[in-house]
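# Structural overview
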Amino acid sequence: MTTTVLGEIIPGWSLKDGANQRLDQELLARAYRFSDDAHRGQTRNSGDPYVTHCVEVAKILAELQLDSITVASGLIHDVVEDTKITVADVEAEFGREIAAIVDGLTKIAKLPTGGSTQERQVESYRKMLLSIAKDARVIIVKLADRLHNMRTLDFLPPEKRQRIAQETRDLYAPLAHRFGMAKMRWELEDLAFKHIETEDYKALAKKVAQKRGEREELIAALRQPLERELARAGIRNVDVTGRPKHLWSIYKKMKQRDKPYEEIFDLLAIRVLVDTVPDCYHALGVIHDGYTPVQERIKDYIAQPKSNGYQSLHTTVFGPGRQLYEIQIRTKQMHRTADFGIAAHWLYKEDAKSADELDRHLTWFRQILELQLDAKTPDEFLEFLKLDLYADEIFVFSPKGDVHQLPKGATPIDFAFAVHSEVGLHCQGAKINGRIAPLSRELRNSETVEIITSPTAKPSRDWLTHVRTGRARHKIRQWLRHEEHSSSVKIGQEILERELKRRRLAKPDDATLVTAAKSLSLTDAAHLHASIGQGDVSVGLAIKHLYPDYTEQEPPKPTIVERLVERVRGTKGVKIQGVDGLMVRYAQCCQPVPGDPVTGYVTRGRGVSIHRADCPNLLFLAHEPERRLEIDWQEAEGERFIVRLALEGNDRRGLYADVAAAVTDSGTNIRGMELKSTDGRAAGAVLVEVENLAHLQKIIRAARKVKGITEVARRERIV
């Protein structure tokens, strides 16, 4: 079947650069008819028949010079998701290979009842990523699908445009970057920029268009003499061109440097394409001989390729008129790989070397993905995508000379986990270039890092604020979870045993514990003990499920410890709408009292935490609205609450005594007080017992009347 016939069968099918020549025309014609039949009657928001989207996706894939299997998959990529066609139907018609690609692209339709929108989205991502690990063509088709959707985003409502554009920036553009598909990445980023920062995009696009002629003149001023010098040096078949800077890249530089477009001087970019690697280094020498280079901006990604396979020499020189020019030097094959990334490997599918390179490019992906399969929450799973997919890279060395690639901003902790999990878990310190350095210190390119370990060393939760790699973060969290779980199990066992002994109940056997755990929707006895220890399940509720027939005739007398705990918790007047059996505690960050507007927050491991509605810490929890609870808090007689009041004022003799007297006279018990004097100013705090908000306000008014006191306020603690 000829190209002309295929063009007649598929409306709008016309490709440049002879992209049709390698394709199986008969397969594509069959795939188009199959897709056209399946989507008949469906239209896009633009009003076009839905199949036009499938054709455009296939055209993007064909222009990437991908194989016939991938292009055919693009034509039918939505049939399982959006029509009655099944994966089995696709396999029967086109074979297992195409069916596997289409299945990898299909969103999960059903999840267990109660799954949130975010959980469904994460499961869809998870399935897609697992499919990529089996066949990388899944992500190429997905990126082509997303690219055409972004090109036609104007037809959607504003809110949906924003959401899809943000997802593109957060997930799909980074994936394109990590798979080396720079051309795809740039267009996705610019389109996301257009729909997220619309006004900034329009203003910048206008300025770039206005300066285009001037910019082309400046590029020509370097390109023409450079071509002559390279030819004179004996380098043949050289292609010297201006390299366009995409808008999002320019915008980021403007923001990072806090400068307007007119003051960004490194927008002049030149690309030099040659035939061989020796020619690359020869060209670099010629350029540096004729123009002064900026030393810290010379990078050799040929000797040390990026993890996505990118290879090139980068240099920045002072060109004509002392203008800064960025120059990239690479072979034509490197250029194709830079533009198309892993997509370039299917053009040379029979080449064993290319197959090995493709497998190497996927190694990082499989390693990272392996760590994420047991992610406990949607946030944790999505975090790795944003953390590991889009970071600039540095190269650091072990004392033996081994090279490790890490994201920019990585610390010795990241390096330790990159060497081995056990090295990371027992990391005690680090030496950078032979000198002791803190574990929080950011590593720089080409530094030598040595990790000091100890059998007794163990991770700290603080490490999570200093790591940049998903591997380190995952291993640290995994260890912390295990330690916290073990501790919670032990505490839960002690609490349950003490309560059973107090109620004179026999210790339950393992089978009874498992049955009670299952009735509470827990997995096993250890999970039950851990839930009691963490405060997620009250011991009274556990006993009801362990001994359904047990009825307590008289409430047991509380122990001294329990009386103290009850006094601190003070939850007599708290009623939680729709929740039963959860332990309740008052947040120490904002110290709520009866009368304050409050909100409940279901914590992980400590029951329900009661916060004041204006507590700053609730802002950090805004991304999980489903964990908030409505609270009905009625004041209970005899309850007392500890509140910390910050004091400031002018120091004088007797100030401490006067403050103490004023607070005491307001009918308040002082639990603690401290005032310090510096350069005539006094500052400190007083811990007071209060009954409710009115009582607290009375105390504050009394303290403010003390001579010399200028400020009395409740102070929240950001955690």
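Residues numbered from 1 in each chain as written. Predicted model: local features only at pLDDT ≥ 70, side-chain atom pairs only at ≥ 80, totals over all residues. Heavy atoms only, no water.

Let us look at the environment of Arg40. For Arg40, the position within the fold is in the loop between α2 (25-38) and α3 (51-63). Among the polar contacts listed, one links the side chain of Arg40 to the side chain of Asp37, at a separation of 3.3 Å. (Helix = DSSP H or I, 4+ residues; strand = E, 2+ residues; numbered from the N terminus. Polar contact = N/O pair within 3.5 Å; in protein donor to acceptor, adjacent residues only side chain to side chain.)

This paragraph deals with the packing of α3 against helix α9 (residues 137-151). One way to put it is that α3 packs onto α9 with a least axis distance of 9 Å and a crossing angle of 125 degrees. Relative to α9, the element α3 lies oblique. Of the two elements, α3 crosses α9, and the hand of that crossing is right-handed. In this structure, α3 contributes His53, Glu56, Val57, Ile60 and Leu61 to the contact, and α9 contributes Ile140, Val141, Ala144, Asp145, Leu147, His148, Asn149 and Arg151. Here the residues of the contact of α3 with α9 are counted per class, giving 7 nonpolar, 3 polar and 3 charged. (Axes fitted to C-alpha atoms, helices over the stretch in contact; angles between N-to-C directions. Parallel < 35°, antiparallel > 145°, perpendicular 65-115°, else oblique. Left-handed = near helix turned anticlockwise from the far one by under 90°. Contact = heavy atoms within 4.5 Å. Nonpolar A, V, L, I, M, F, W, Y, C, P; charged D, E, K, R; others polar.)

Here the focus is the pattern of salt bridges. For the coordinates displayed, the defined rule picks out 30 salt bridges. A salt bridge links Arg151 to Glu187, with the shortest nitrogen-to-oxygen separation between them at 2.7 Å. Here Arg151, found in helix α9, pairs with Glu187, found in helix α11 (residues 182-196); they are 36 residues apart in sequence, far enough to count as distant. Under the relative-accessibility criterion, Glu187 is labelled partly exposed at 28%. The partner of Arg232 in a salt bridge is Glu229, and the shortest N-O contact between them spans 2.6 Å. With a gap of 3 residues between them, Arg232 and Glu229 both fall in helix α13 (residues 212-232), about one helical turn apart. In this structure Arg232 comes out as exposed when scored by relative accessible area, which is 59%. The exposure class of Glu229 is partly exposed, given its relative accessible area of 35%. What you see here is one network of salt bridges that share partners, running through Glu26, Arg30 and Glu93. (Salt bridge = Lys/Arg side-chain N within 4 Å of Asp/Glu carboxyl O. Buried < 20%, exposed > 50% of the residue type's maximum accessible area, 1.4 Å probe, protein only.)

Before going further, it helps to spend a moment on the nonpolar core. One finds Trp13, Ile76, Val90, Ile140, Met181 and Met184 to be the most contacted residues of the largest nonpolar core, which totals 62 residues. Broken down by element, the residue count for this core peaks at 8 residues, all from α9. Not counting the four nearest positions on each side in its chain, Val90 is found in contact with Phe34, Ile76, Val79, Val80, Ile85, Gly95, Ile98, Ala99 and Val102. Grouped together as the second largest cluster of nonpolar side chains are 30 residues, Val690, Ile699, Val706 and Val712 included. (Core = buried A, V, L, I, M, F, W, Y, C linked by side-chain atoms within 4.5 Å.)

Moving on, we get to the confidence of the model for the chain. Parts of the model with low pLDDT should not have their predicted coordinates read in detail. Taken residue by residue, the chain gives an average pLDDT of 80. The fraction at 70 or more is 79%. Between residues 576-581, whose pLDDT stays under 50, and residues either more than four places distant or in other chains, the model counts 11 contacts. (pLDDT = per-residue confidence, 0-100.)

Attention shifts here to the packing of aromatic side chains. Applying the stated criterion across every chain, the model contains 6 aromatic pairs. Here the aromatic rings of Phe34 and Phe94 are separated by 5.2 Å at their centres, their planes lie at 90 degrees, and the arrangement is edge-to-face. Highlighted residues: Phe34 in helix α2 and Phe94 in helix α6 (residues 87-94), separated in sequence by 60 residues. Taking relative accessible area as the criterion, Phe94 reaches 12% and is therefore assigned buried. (Phe/Tyr/Trp six-rings, centres within 6.5 Å; stacked < 30°, edge-to-face > 60°.)

With 21 residues, α13 extends 30 Å between its outermost C-alpha atoms, agreeing within 8% with the 30 Å of an ideal straight helix rising 1.5 Å per residue. Every buried residue of α13 is accounted for by Arg215, Ile219, Ala220, Leu222, Pro225, Leu226 and Leu230. On the buried face of α13, the contacting elements are α12 (198-210), β1 (239-242), β2 (269-274), α15 (277-290) and β6 (324-331). Backbone geometry just downstream of α13 places Gly234 in the positive-phi region, at approximately 90 degrees. (Expected span 1.5 Å × (residues − 1).)

The subject of this paragraph is the packing of α11 against helix α14 (residues 247-257). Packing of α11 against α14 leaves a shortest axis separation of 8 Å and a crossing angle of 65 degrees. Residue-level inspection shows Glu189, Asp190 and Phe193 of α11 in contact with α14, the latter providing Leu247, Trp248 and Tyr251.

Look at Asn237: it is not a glycine, yet its phi comes out positive at around 55 degrees. The residue Asn237 is located in the loop between α13 and β1 in this model. Despite not being glycine, Asn433 shows a phi value in the positive range, around 55 degrees. Within the fold, Asn433 resides in the loop between β9 (427-432) and β10 (435-437). For Asn433, a relative accessible area of 48% corresponds to the partly exposed category.

Let's shift gears to the side chain of Glu326. On the secondary structure map, Glu326 appears in strand β6. There is a polar contact of 3.0 Å between the side chain of Glu326 and the side chain of Arg297.

We now examine the sheet that holds strand β19 (residues 670-678). Strand order in this open sheet of 4 strands is β19-β20-β18-β21, and the pairing throughout is antiparallel. The sheet is open, and its two edges are formed by β19 and β21 (709-714), each paired on a single side. Each adjacent strand pair in this sheet contributes to an overall mean axis angle of 15 degrees, direction not counted. Taken strand by strand, helix α27 (residues 655-665) contacts β18 (641-650), β19, β20 (681-690) and β21, and its axis lies near 150 degrees from that of β19. Sitting on the sheet, helix α28 (residues 693-704) touches β18, β20 and β21, and the angle it makes with β21 is about 160 degrees. (Pairing = 2+ DSSP bridges.)

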